[in-house]
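Commentary on secondary and tertiary structure
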Amino acid sequence: MAPRFHVLGPGGIGSLFAFYFHKHNIPFTFFQRKAPPPTPLLLVNSKDNYSYSDALHDGDSNSSSDSSDTATTTTPTSKIYKSYPPTTLKYMDLTSLSTKSAEPQPIDAINWEPLYPVIDKELFRYDPAYNELSRSPIHHLLVTTKTYQTVDAISKIRHRLRPWSTLVLMQNGMGVQEEICETMGWTDPHERPNFVQGIISHGAQKLEDTIVHTGIGSVWIAPTAESLAGGGEGEEGEDDNEDSSAPSRMKLFRSQNSQKMNPKIIRPSHKIMNTPYPYNSPARFISPYTNAPFSSFYKPLSSRKELQALRTRSLYETLSTLQLLEDSMGLKILLPENLLALQLSKLVVNACVNPVATLLECTNGNLLDPVTEDAHQAVKDLLKESQHILSQSKEYRDLGEDLQQEHLTLEALTNTTVNILKATRQNRCSTLQDYLKGSQKSEVEYMNGYLIKMAERDRAPEMSAESVAPFNRMVMEKIKEKFASRTPIE
Ligand SMILES: CC(C)(CO)[C@@H](O)C(=O)[O-]
């Protein structure tokens, strides 16, 4: 039986994963922001000592005939939910509109858990879900939220994460991991979860209760170098028969032909796989934004060796389970440096395409039209500046010449951008989609903003921070203005 994944971000991409998890019998749980919060139970009739069983009883007279209402209605005072918390729920129909199947594929028995606005023991004291589900550790977390929502969303489940949890970040742009670690106070590399980074080129949109697979693509994932190296330290004694100074999580990737793209994942030693996750360490309540290290709210493990074994087990389980999606989702596991090269290349494509297409409110294909000469020039200027920023960075130098030449020269980046624009000719880029949906925030700070931060960090000593990356800065500011003046669509 595959281990359970929790999915944070039930939009198009999160739901697409859910579709494939379901198909491959991988158990998963969705977090639902709009899950019925227990707050109404405290508000209804202003009764003192209002209890959960009162609520169930009241629910008999007020209950909705449509049980799916329980997942979507949040009006605090008007309804009482009879079946809260549901253990099974037909949450949505996921439809693959690819050539393979046009039949709706209903997923019932979806397991979901509420993502509460605030983790507050008092507020949720009548909520059984808080006590049972909402305190149990999460070992494998797939994060598909928008970049700018991530820290807030993670802070709501922070008390359920452990230093041996594995977080898979499947998002546009870069910089979220750093932001998470900083905000959560995970400063010690031994005291933070494993991170796996991912890039996805599938297109998926959630429309009402249907997921439309708008473009068949691929998924590339890799653990970060740090997670693979175990916080930069050897993991003594994980495997008695091996050189004790070697970071043995690296051995997960040891393959006979040392293939760099899609290397085989190797099962760790029996001893590691048999190390039980300490289920008996429920989280104590903590305020979501307290910068407390892990050890202040869960019982620290008796030894670092034990902790490292758990981290290795969790990373292996995450990677080997996601590898089940190899054929259906075109998922490939890469070594960290190979993924980093792809991430940097995608970062530049996003930084050049998304702001320009959004400012002009045009499809990706329009950026290739000869009529949009200004747009061509803007994309070219951004490409040139972004490539220069990369070429001055530590990340670029660490990659080695092969990967630099293959992915990150101006020529390679221009070709990649043009190919993507051709392949997604009809599409509106994700930033424009966010804008058209009425969002007042964009991911531009994780695209152009990330490049600007790199440029500031790696600038020549005689240059001022404000003077670097002028094109990226200009489009980022224009996008921020455009979004800020947006009236949200109800
Ligand atoms: C590559 C890309 C620009 C295609 O639309 C996509 O990453 C997006 O929309 O953000």
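Per-chain numbering applies: the sequence of each chain, read as written, is numbered from 1 onward. With pLDDT at 70 or above as the cut-off, local features in this predicted model cover only qualifying residues; side-chain atom pairs require 80 or more to be listed or tallied, and sums for whole chains, interfaces and linings still use all residues. The basis for every side-chain value is the complete set of non-hydrogen atoms in the structure, without hydrogens or water.

Threshold: UniProt positions are given in the numbering used here, feature names are shortened, and annotations may be inferred rather than shown by experiment.
Under an unreviewed UniProt entry, the protein has the name 2-dehydropantoate 2-reductase and belongs to Entomortierella chlamydospora. You can read under Sequence similarities (unreviewed entry) in the UniProt record for the protein the words "Belongs to the ketopantoate reductase family."

1. Here's the deal with the pairing of strand β6 (residues 140–143)
Using the following cut-off: Residue burial is assigned from relative accessible area. The probe radius is 1.4 Å, only protein chains are included, and a residue is buried under 20% of its type maximum, exposed over 50%, and partly exposed in between. What counts as a helix is a DSSP run of H or I of at least four residues, what counts as a strand is a run of E of at least two, and both are numbered from the N terminus. Any two strands between which DSSP finds at least two bridges are classified as paired. Orient the strands so they point away from the viewer; a crossover is then right-handed if the path from the first strand over the helix to the second runs clockwise.
Taking every second residue as pointing to the same face, both faces of β6 are buried, with H140 and L142 on one and L141 and V143 on the other. Across 3 bridges, the pairing between strand β1 (residues 5–8) and β6 is parallel. Bridge pairing in β6 places L8 opposite V143. Here β6 runs beside strand β7 (residues 166–170); their pairing, made up of 4 bridges, is parallel. Each bridged residue has a counterpart across the sheet, and for L141 the counterpart in β7 is L167. Crossover handedness for the path β6 to helix α6 (residues 147–155) to β7: right-handed.

2. Looking at unusual backbone geometry
We note that N25 has phi near 55°; this positive angle belongs to a residue other than glycine. With respect to the helices and strands, the residue N25 is situated in the loop between α1 (12–23) and β2 (28–32). Taking the relative accessible area as the measure of exposure, N25 reaches 61% and is therefore exposed.

3. What to know about the domain arrangement of the protein
This is how the line gets drawn: The split of the chain into domains comes from an automatic or database domain assignment. The contact criterion used throughout is that any non-hydrogen atoms of two residues lie within 4.5 Å. When two components associate, each loses some accessible surface as probed by a 1.4 Å sphere; the sum of these losses over both components is called the buried area. Definition of a polar contact: a pair of N or O atoms within 3.5 Å, with one able to donate and the other able to accept a hydrogen when the atoms are protein atoms, and with sequence-neighbouring residues admitted only if both atoms are side-chain atoms. Each residue gets one of three labels, nonpolar for Ala, Val, Leu, Ile, Met, Phe, Trp, Tyr, Cys and Pro, charged for Asp, Glu, Lys and Arg, and polar for the others, Gly among them.
When its domains are assigned, the protein resolves into domain 1 (5–36 + 84–334), domain 2 (39–83) and domain 3 (337–484). Taken residue by residue, the interface counts 20 residues in domain 1 and 20 residues in domain 3. When domain 1 packs against domain 3, close to 1900 Å² is buried across both sides, 59% of that on carbon and sulfur atoms. When the area that domain 1 buries against domain 3 is broken down by residue, the three leading residues are Y148, N172 and M174, summing to 41%. Linking domain 1 to domain 3 there are 10 residue pairs in polar contact (both at pLDDT 80 or more). Breaking the side of domain 1 that touches domain 3 down by element, the ones donating at least two residues are α6, α7 (176–184), β8 (194–200) and β11 (219–223). Of the residues assigned to the side of domain 1 that touches domain 3, the class counts are 9 nonpolar, 7 polar and 4 charged.

4. Quick look at helix α10 (residues 304–322)
Short version of the rule: Helix span is expected to be 1.5 Å times the residue number reduced by one.
Spanning 19 residues, α10 covers 27 Å between terminal C-alpha atoms, matching the ideal 27 Å at 1.5 Å per step. Within α10, 15 of the 19 residues are buried, which leaves the element mostly enclosed by the surrounding structure.

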